Amino acid sequence: QVRLVESGGGLVHPGGSLTLSCAASGSTINIYNMAWYRQAPGKQRDLVAAITAGGISTYANTVKGRFTISRNTATNMVYLQINSLQPEDTAVYYCNARDTLAPSNAYWGQGTQVTVSG
């Protein structure tokens, strides 16, 4: 299995930028489809961005144009670059991994809090 640890969250003013990091250990991320989800207070956990094991990225319509997902397979890291932050982006952001050969196997990090206020 793979262990995921998110970092990089914090308090940011509207219009600011933030980069979230997901460190994976225990397995190479090139056999996983990786994704970022977020969960705002009182809301369900929603998919924000995903990158396949083959390196293809997709985005939720709500964040398209502002968020960029990337990965570094050499360091087993996945990133989420967030630009033009708005208060509605406030949420706990979670890293997710799904085994391409066993798609029922999904793994989650502990989450990192992003708060946009000012």
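Residues numbered from 1 in each chain as written. Predicted model: local features only at pLDDT ≥ 70, side-chain atom pairs only at ≥ 80, totals over all residues. Heavy atoms only, no water.

Caption draft 1: Seen up close, the sheet that holds strand β8 (residues 77-82). What the four strands build is an open sheet, ordered β1-β3-β8-β7; its pairing is antiparallel. If you trace the sheet from one side to the other, it starts and ends with β1 (3-7) and β7 (67-72), each paired once. In this sheet, neighbouring strand axes are inclined to one another by 15 degrees on average, regardless of whether the strands run parallel or antiparallel. Relative to strand β3 (residues 18-25), β1 is paired through five bridges, and the arrangement is antiparallel. Among the inter-strand pairings, E6 is bridged to a residue of β3, identified as C22. (Pairing = 2+ DSSP bridges. Helix = DSSP H or I, 4+ residues; strand = E, 2+ residues; numbered from the N terminus. Axes fitted to C-alpha atoms, helices over the stretch in contact; angles between N-to-C directions.)

Caption draft 2: Representation of the nonpolar core. One finds L4, L20, M34, W36, L80 and Y93 to be the most contacted residues of the largest nonpolar core, which totals 29 residues. For this core, the secondary structure elements donating two or more residues are β3, β4 (32-39), β5 (45-51), β7, β8, β9 (91-99) and β11 (112-116). Apart from the residues lying within four places of it in its own chain, the contact partners of L80 are L18, T19, L20, W36, V48, A49, F67, T68, I69 and Y93. (Core = buried A, V, L, I, M, F, W, Y, C linked by side-chain atoms within 4.5 Å. Buried < 20%, exposed > 50% of the residue type's maximum accessible area, 1.4 Å probe, protein only. Contact = heavy atoms within 4.5 Å.)

Caption draft 3: Expanded view of the pairing of β3. Judged from the six bridges that link them, β3 and β8 form a sheet pairing that is antiparallel. Among the inter-strand pairings, L18 is bridged to a residue of β8, identified as I82.

Caption draft 4: The arrangement of the side chain of R66 in detail. Here R66 is to be found in the loop between β6 (57-59) and β7. A relative accessible area of 14% places R66 in the buried class. Within the local environment of R66, its side chain forms a polar contact with the backbone oxygen of S84, the two atoms lying 3.1 Å apart. Beyond its immediate sequence surroundings of up to four residues, R66 is in contact with Q81, I82, N83, S84, L85, Q86 and D89. (Polar contact = N/O pair within 3.5 Å; in protein donor to acceptor, adjacent residues only side chain to side chain.)

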